[in-house]
Amino acid sequence: MSINEKYELEKALEQITAIAKGYNLDFYDMYFEICPADILYTFGAYGMPTRFSHWSFGKAYHKMKTQYDYNLSRIYEMVINSDPCYAFLLEGNSLIQNKMVMAHVLAHCDFFKNNYYFQRTSRQMVESMSVAAQRIRQYEFAHGREKVESFLDSVISIQEHIDPYRDIGKNEPAIEKSESGGCCGGEGCGKGCGKDSCKDKGCEGGNCGHTHSEQESPYDDLWKLDHLGEGQESKDDTQKAKKFPKKPEKDLLLFIMEYGRDLEDWQRDIISIIREEMFYFWPQMQTKIMNEGWATYWHLRIMRDMDLTEEESLEFAKLHSGVIQSSKVRLNPYFLGLKLFEYIEKRWDEPGEEDRIKYGRPGGEGREKIFEIRELDNDISFLRNCLTEEFVEQEDIYLYKKVGYEWKIVEKDWQKVRDSLVASMVNSGFPYIVVQDGDYGKRGELYLHHAYEGAELDVYYLERTLPHVYKLWGRPVYLETVLDSKKVLFSYSGEKVSKKFV
Amino acid sequence: MSGRYTVSREDWSLHRKGEIDRQRHREKVKEAIKKNLADIVSEESIILSDGKKVIKVPIRSLDEFHFRFNHNKQQHGGQGDGESKVGDVLGSDSKKKAGKGPGQGQGAGEEPGVDYYEAEITIDELAEMIFEDLGLPNLKQKKKPELASESVEFRDVRKVGIQSNIDRKRTIFQALKRRAIEEGKQGLGKITREDLRFKTWEQVYKYESSAVVLAMMDTSGSMGPWEKYIARSFFFWMVRFLRTKYQNVKIVFLSHHVTAKETSEEEFFTKGASGGTRCSSVYELALKVIEERFNPEDYNIYGFHFSDGDNLSSDNEKCVRLVKDLLKVCNLIGYGEIEGPYYYSSTLKSAFKKIEEQNFTTVSIRDKSGVFPALKSFFNPDPLKTATGR
Ligand SMILES: [Zn+2]
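What counts and what doesn't
- Residues take numbers from 1 onward in each chain, read along the sequence in its written order.
- For naming, the first written chain is A and the first written ligand is 1, with later ones following in the order written.
- Given that this is a predicted model, residues contribute local features only at a pLDDT of at least 70 and side-chain atom pairs are listed and counted only at 80 or more, while totals for whole chains, interfaces and linings are drawn from all residues.
- Excluding hydrogens and water, the side-chain figures rest on all heavy atoms present in the structure.
- Runs of H or I in DSSP of at least four residues are treated as helices and runs of E of at least two as strands, each being numbered from the N terminus.
- Under the scheme applied here, a residue whose accessible area is under 20% of the maximum for its type counts as buried, over 50% as exposed, and between as partly exposed, the area being computed with a 1.4 Å probe on protein chains only.
- Throughout, a residue-residue contact means that at least one pair of heavy atoms, one from each residue, lies within 4.5 Å.
- Areas reported as accessible are Shrake-Rupley estimates using a 1.4 Å probe. Residue values count occlusion only from the protein chains shown.
- The donor set covers N, O and S atoms within 2.8 Å of the metal, switching to 3.2 Å for Na, K and Ca, and it leaves out water, so a site may look short of donors.
- Buried area is understood as the total, over both parts, of accessible area removed when two parts are fitted together, assessed with a 1.4 Å probe.
- Each salt bridge in this description consists of a side-chain nitrogen of Lys or Arg and a carboxyl oxygen of Asp or Glu lying within 4 Å of one another.
- Strands qualify as paired when DSSP identifies two bridges or more between them.
- Angles here are taken between N-to-C directions and fall from 0 to 180 degrees, while the axes themselves are lines fitted to C-alpha atoms, restricted in helices to the stretch in contact.
- Here the bounds of each domain stem from an automatic or database domain assignment.
- Under the rule applied, a polar contact is a pair of N or O atoms within 3.5 Å (in protein, one hydrogen donor and one hydrogen acceptor; residues adjacent in sequence only if both atoms are side-chain atoms).
- You can read pLDDT as the predictor saying how much it trusts each residue, on a scale of 0 to 100.
- What sets the label is the angle itself: under 35 degrees gives roughly parallel, over 145 gives roughly antiparallel, 65 to 115 gives roughly perpendicular, and the rest give oblique.
- In this scheme the crossing of two helices becomes right-handed for a clockwise turn of the near helix relative to the far one and left-handed for an anticlockwise turn of less than a right angle.
- Classification used: nonpolar for Ala, Val, Leu, Ile, Met, Phe, Trp, Tyr, Cys and Pro, charged for Asp, Glu, Lys and Arg, polar for all others including Gly.

Which residues make up the overall build of chain A, and what values do they have?
Tallying secondary structure elements over chain A gives 21 helices and ten strands in all. Per-residue burial over chain A gives 56% buried out of 502 residues. If you take every contact in chain A between residues at least 6 apart in sequence, the share linking residues at least 24 apart comes to 71%. For chain A, the exposed area adds up to about 21900 Å²; of that, 48% sits on carbon and sulfur atoms.

This is how it looks when you write it as structure tokens:
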């Protein structure tokens, strides 16, 4: 990087930062690092520059690199949820590209710092991951690379199965005390809402306001009282007195780490490393649309406020439209998030008659409203609240699925579209699987249960994942799910996955 | 106060993690390919690739397995241009090959549905793996030393050379020896310049002996497209193998139905024929070719014949007799029988059961994955060590 280039970037950054602060964006100190493409792709593949080594990251890296080489990739943004915040700029990018990325990641940082779901993420993860990577490297020396790698393969195969809400409002580690995906105890309305049993008033009619996300956590002690009042808890306690775990446990990693009988210390440590990293990445997965929407909303406004030449404006317009390009077969989170924020802002700025009379919205509160949303929502509540009939029609959002050999549009009804999208985001889009019995058949076998909600599991993948669970648990493992509306039990005890209808 | 900022550029040249893990992934890809060679060897995309250097091999074992939903049974969100209607078709899987299994879109393409990892590998890399343990069996010294197999060898340990070619073992040995002699002490002391020993390497041609391979193929009407494809996959790799590993091996192409003729290589791989089958015709031709052009004193001679075994039954006895004649002049005769859907038991192969000579080998191929075992059994460089049952 030439001195001149660096000077230009610093000057631009000064301006961008000032504009962002003028809009009340609130971010950590920012470290911008300029790096060559290979390095940026490495970071993209690993999710964090200091993360441990594994062939699957090498595979992701290879993919990014070759896509880049074939000129398929877009401009790249990489920002780390940390304090200070690290962001990376691609060497060789034009000044205008870098300006846009800078404005974009400032807003990401604001989101990391202020969104409720990020409150508990570690802001020192760059260092933690580096220390963890070091430990894993030592285990490789001590126990052999192949052994560590194959253990990592197994842990990674179930890494999504943590319980991000486990510790909220509780101090005990408490496998026994864990709440199992009860209505709204988990990821918010996605799971519980729409059910008769759902007691969350905010959910009714799919019109839960932000009361909902508030209820999810700070008030879930109140919620527990509710259940106690119905005597459910005490009844369960007597019925399942001998059950282990007492309540189904969603945190597979924790359960195996604590109760896997044949695990060595270094193996438990690896499980805990992966689990911690998952906790860190989880909020990013559950706010993908909001986070990208927010960053896109702001880069657009900040760039508009910069004094760009006509040529620069043109280049920026091109870049921006590349970022928000929509697709027939997937919803672009940048686009969807941006449009939703703009839509809400407009509705609160210029409320219609109904909004004014029924909800008493005076107008002019658009900006305030979207700041509130960025603070309190995640993608599930965001879409549930904001994806209105008007919006779905205006943006021509639909559902499609495979019919025979063809992928066809099957649904355009706005409520069904909304509900299906929301449902697909429950548990960050991963199947909800719990440990139902850690001493199955009194033989110390592991019985997992998939909470089937209408979406079947991929059997090919299931049959190849179960052996990993077996490897970790060291004894036969079972997984109950539903295929073709019938209960099915898969099992693996070291030789072959078998399947039977129960 | 937060909200400060800096811009910097560090030296990233030592940051090699991505490349190292990429290399590890590549190793795993190769391992996976090796395990599945039998299936990959007869992939149509390879046999028909016709000079295309890079091929794509689907590798499912390197998917990152986890519990996930069945993509093909789920509803997904998409966005239209304002005109979309229920029933609009966004894409189709029918043009993709069947049997690929479900997968998940990875974001790059505009196609809905399946996507799985395809490793890219050059035909040369693949060939290297396939040929690793193959060799011409029973190779003997012959009078005419034409055949050379290529190898790079370190020979000749010298006292000068480039640093990277230091022969560590000999250098240390030299230092130990010197210390023992000069100082009367055991163990390694300081290594002096005098101790250094270098390896030098050079391309050496190992002159073995000359060889000729007779490629014989049944192209009669009963050999359907599938049978011909199997036979040609075998010969495709055979030809490649011989030309990669040996410098001057001669290959003679003979095809037959009721009568046999010598063909060009191109014709051999592309032309089909029809009519009945008399396998003896090709054996007679083989004997004639040997007699006229390849003296067994001078050449290692090999013959490989592929047929569906649907031979004129009155001809079988003659075949046995002729093969026995061939065995007297050949190092090895291999007969491969392709069992098609209408396979029946009284075939040429059953007639060949009478032949007891050690240098006769037969294989049966029932499906595509049988081509690789056939290669391994015919080109087993040490057939006595790992006797192949027949
Ligand atoms: Zn972004």
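Right, picking up where we left off after that structure.
Account for the side chain of A:Glu312, naming residues and giving values.
Of note, A:Glu312 is situated in helix α14 (residues 310-323). Excluding its chain neighbours within four sequence positions, the residues that come into contact with A:Glu312 are A:Ile96, A:Lys99 and A:Asp307.

So what about the coordination of the zinc ion? Which residues, and what values?
All names here are of chain A. Coordination of the zinc ion by the protein is provided by Glu-77 (OE), Glu-77 (OE), His-104 (NE2), His-108 (NE2) and Glu-292 (OE), with metal-donor distances spanning 2.0 to 2.3 Å. One chain supplies every donor for the zinc ion, spaced along it as E-x26-H-x3-H-x183-E. Here Glu-77, found in the loop between α3 (55-69) and β2 (78-80), pairs with Glu-292, found in helix α13 (residues 288-305); they are 215 residues apart in sequence, far enough to count as distant. Comparing Glu-77 with Glu-292, the two get one shared label, buried.

How would you explain the interface of chain B and chain A if you had to name every residue and give the values?
On the side of chain A, 94 residues touch chain B, which itself brings 67 residues to the contact. Interface of chain B and chain A: buried area, both sides summed, is about 7500 Å²; carbon and sulfur atoms make up 55% of it. For chain B, the biggest contributors to the area lost against chain A are B:Val7, B:Phe67 and B:Gln79; these three give 13% of the whole. Run the count over chain B and chain A and you get eleven salt bridges. B:Arg4 is paired through a salt bridge with A:Asp29; the nearest N and O atoms lie 2.7 Å apart.

Please set out the sheet that holds strand β9 (residues 486-492) of chain A residue by residue, giving values where relevant.
Residue and element names in this part refer to chain A. Strands sit in the order β6-β7-β8-β9-β10 across an open sheet of five strands; the sheet is mixed. Two strands bound the open sheet, and with one partner strand each, they are β6 (433-440) and β10 (498-501). When strand polarity is set aside, the average angle formed by the axes of neighbouring strands in this sheet is 25°. The pairing of β6 with strand β7 (residues 445-450) spans five bridges and is antiparallel. In the strand pairing of β7, Val-435 is matched with Leu-448. Its contacts with the sheet place helix α11 (residues 252-259) against β6 and β7, and it is angled at close to 25° to β6.

Quick one: what's the story with the domain arrangement of chain A, residue by residue and with numbers?
Its domain assignment divides chain A into domain 1 (3-115 + 287-323), domain 2 (333-426) and domain 3 (427-501). Taking only C-alpha atoms into account, the centre of domain 1 of chain A sits 41 Å from that of domain 3 of chain A.

For helix α18 (residues 379-386) of chain A, give the residues involved together with the corresponding values.
Residue and element names in this part refer to chain A. Buried residues dominate α18, accounting for eight of its eight residues. Every buried residue of α18 is accounted for by Asp-379, Ile-380, Ser-381, Phe-382, Leu-383, Arg-384, Asn-385 and Cys-386. The N-cap residue of α18 is Asn-378: its side-chain oxygen and the backbone nitrogen of Ile-380 are 3.0 Å apart.

With reference to specific residues and values, describe the confidence of the model for chain B.
All names here are of chain B. Taken over all residues, the pLDDT of chain B has a mean of 80, while the share at 70 or more is 79%. Of all the helices and strands in chain B, strand β6 (residues 148-158) carries the lowest mean pLDDT, 55, while strand β3 (residues 76-79) carries the highest, 95. In the predicted structure, residues 95-109 sits below a pLDDT of 50 and forms 32 contacts with residues beyond four places in sequence or in another chain. ipTM for the predicted complex: 0.86, alongside a pTM of 0.76.

Go over the pairing of strand β4 (residues 397-403) of chain A with me, naming the residues and quoting the values.
Counting buried residues in β4(A) gives five out of seven residues, a clear majority hidden from the surface. Sheet topology note: the β4(A)/β3(B) ladder contains four bridges and is antiparallel. Following the sheet pairing, A:Leu399 is matched in β3(B) by B:Gly77. Where β4(A) lies against strand β5 (residues 406-411) of chain A, five bridges are found, and the strand directions are antiparallel. Following the sheet pairing, A:Lys401 is matched in β5(A) by A:Lys408.

Help me get a handle on the pattern of salt bridges, residues and values and all.
The tally for this structure, following the rule as stated, stands at 49 salt bridges over all chains. One salt bridge connects A:Lys113 with A:Asp26, and the closest N-O pair in it is separated by 2.9 Å. Of this pair, A:Lys113 sits in helix α4 (residues 95-114) while A:Asp26 sits in the loop between α1 (3-22) and β1 (30-35), and the two are 87 residues apart along the sequence. Given a relative accessible area of 25%, A:Lys113 falls into the partly exposed group. Between A:Arg361 and A:Asp355 there is a salt bridge, with its nearest N and O atoms 3.4 Å apart. Through salt bridges with shared partners, one network takes in A:Arg145, A:Glu146, A:Glu149, B:Arg24, B:Glu27, B:Lys28 and B:Glu31.

Can you explain the packing of α11(A) against helix α12 (residues 265-286) of chain A? Please cite residues and give values.
All names here are of chain A. Two numbers describe how α11 lies on α12: the axes approach to 9 Å, and their chain directions differ by 165°. Classified by the interaxial angle, the pair formed by α11 and α12 is roughly antiparallel. Helix-helix and strand crossings are classified by hand; for α11 and α12 the assignment is left-handed. Residues Leu-253, Leu-254, Ile-256, Met-257 and Glu-258 of α11 lie in contact with α12, whose contacting residues are Arg-268, Ile-271, Ser-272, Ile-274 and Arg-275. A breakdown of the residues in the contact of α11 with α12 according to their chemical character gives six nonpolar, one polar and three charged.

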